[in-house]
Amino acid sequence: MKNKILVTGATGTIGTFVCKQLKDRNAEFTALVRSREKAMSLADQGIEIAFGDLSDRESLQKAMTGIDKLFLLSTTSPLSPELQGNAVQTAQKAGIKHIVKIAARGSSPNADFNIGRWHGMIEDEIRKSGISYTFLQAHTFMQNLLFDAESIKKDNAIYNIQGDGKIPMIDARDIAEVAVIALTQGDHHFHKTYDLTGPEAISYKDIANELSHLLGREIRYINQTTDEGRKNMQSSGMPEWLIDDMIHLNKKYAFDEASEVSPDVENLLERKPHTIRTFLKDYKMHFE
Ligand SMILES: NC(=O)c1ccc[n+]([C@@H]2O[C@H](COP(=O)([O-])OP(=O)(O)OC[C@H]3O[C@@H](n4cnc5c(N)ncnc54)[C@H](OP(=O)(O)O)[C@@H]3O)[C@@H](O)[C@H]2O)c1
């Protein structure tokens, strides 16, 4: 099979690492970008660009000409099923043979949280399209801790509503590496769903302890009530559907209901996934 890849979400957290790793492997790929400014910085790295937007089928049709594989990612929102659905339908017409899609742990059309349900609806559409797929159902990204950088710097504190619950957060760099393996290796990744987690379940208290050790000053974990957490998220401008999901998921996490570590990343990468210690060390400059 030919192997020219179209990378969507190329300017985001995972997509940036996917592009870098594909480039390091000399893979043939194009990045779908919707902003001229962001396209410049990718083009400066020698990455081929196709301008396009998931809401614009014509731009997708052009971008998918001559493409064999699709890396599918976009910001999650109530519009995701429609936007990613546009990509799936265009991919089908363009004769694309394989879609590697980022989803979330627990994704299903019947999931009890919005993000999981929307991902599940798109996964179903891909299954029905007849295109081979690899679904990467990822747990919480370690990179989400960058949203706590301000309070870590200002108050020496992390605020959350997860109590002492533990979850196996994953480094987005590992997710990207798994995606690149699925995109560039043979068909044994077809029709597979991988459950992507980090190597150990950790609590916010564990993270605060790691940060204290790393930064040489005490960082506290402050557990908030649901109401305090909601107000906090509202003041950061989060939409209500996302706040509802975060509250719902954190309640589960507080009772260790999504704490199982999956072997999939280690099996696929043939190494342990990054620990929280490695992640914090590599991103230290954001928390100092
Ligand atoms: N954060 C977590 O803990 C977590 C856990 C599990 C799963 N996930 C899933 O991971 C995905 C997000 O990954 P990420 O954090 O790497 O993404 P991200 O940093 O939020 O970036 C989103 C990317 O999608 C692009 N995009 C958005 N709307 C688009 C459109 N209409 N047309 C073309 N491109 C569009 C953005 O382009 P612009 O730069 O132009 O905006 C950007 O490149 C979501 O599906 C989420 O559900 C997240």
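Position labels on residues start from 1 in each chain and follow its written sequence. In keeping with the predicted nature of the model, local features appear solely for residues at pLDDT of at least 70, side-chain atom pairs appear and are counted solely at 80 or more, and the whole-chain, interface and lining totals rest on all residues. Based on all heavy atoms of the structure, the side-chain values leave hydrogens and waters out of the count.

### Some words on the side chain of Asp-264
Logical step 1: One can find Asp-264 in helix H11 (residues 264-269).
Logical step 2: Only protein chains enter the area calculation, which uses a 1.4 Å probe; residues under 20% of their type maximum are buried, those over 50% are exposed, and those in between are partly exposed. Counted charges follow a simple rule, with Lys and Arg positive, Asp and Glu negative, and His plus the chain ends left uncounted. The working definition used for a salt bridge is a side-chain nitrogen of Lys or Arg within 4 Å of a carboxyl oxygen of Asp or Glu. One buried charge, Asp-264, has no salt-bridge partner; the nearest side chain with opposite charge is Arg-105, at 8.1 Å.
Logical step 3: With near-sequence residues (within four places) excluded, Asp-264 lies in contact with Thr-193, Tyr-194, Asp-195 and Leu-196. In DSSP terms, a helix is any run of H or I states spanning at least four residues, a strand is any run of E spanning at least two, and both are numbered starting from the N terminus. Throughout, a contact is declared for two residues whenever any of their heavy atoms are within 4.5 Å.

### Thoughts on the domain arrangement of the chain
Logical step 1: Splitting the chain by domain gives domain 1 (5-138) and domain 2 (144-166 + 199-259 + 272-286).
Logical step 2: Where a domain begins and ends is set by an automatic assignment or by a domain database. Distance between the C-alpha centres of domain 1 and domain 2: 28 Å.
Logical step 3: Between domain 1 and domain 2 lies a buried interface of about 720 Å² when both sides are counted; carbon and sulfur atoms form 58% of it.
Logical step 4: The largest contributions to the domain 1 side of the interface with domain 2 come from Asp-112, Phe-113 and Ile-115, which together make up 49% of the buried area.
Logical step 5: Summed over the shared surface of domain 1 and domain 2, the result is one salt bridge.
Logical step 6: Here Asp-112 ties to Lys-252 by a salt bridge, and the two come within 3.4 Å at their closest N and O atoms.
Logical step 7: The definition of a polar contact used here is a pair of N or O atoms within 3.5 Å, where within protein one atom must be able to donate a hydrogen and the other to accept one, and adjacent residues in sequence count solely through side-chain atom pairs. At the junction of domain 1 and domain 2, the tally comes to six residue pairs in polar contact (both at pLDDT 80 or more).
Logical step 8: Sort the elements by how many residues they give to the side of domain 1 that touches domain 2 and helix H5 (residues 114-129) lands first, with three residues.
Logical step 9: Across the side of domain 1 that touches domain 2, the residue classes tally to five nonpolar, three polar and two charged. Two parts lose some accessible area (1.4 Å probe) when they are put together, and adding that loss for both gives the buried area. Amino acid classes used here: Ala, Val, Leu, Ile, Met, Phe, Trp, Tyr, Cys and Pro are nonpolar; Asp, Glu, Lys and Arg are charged; the rest, including Gly, are polar.

### Side note on unusual backbone geometry
Logical step 1: In this structure, Asn-26 takes a positive phi of about 55 degrees despite not being glycine.
Logical step 2: Here Asn-26 is to be found in the loop between helix H1 (13-24) and strand E2 (29-33).
Logical step 3: Its relative accessible area of 71% is what places Asn-26 among the exposed residues.
Logical step 4: The backbone phi angle of Glu-270 is positive, close to 55 degrees, even though this residue is not glycine.
Logical step 5: With a relative accessible area of 72%, Glu-270 lands in the exposed category.

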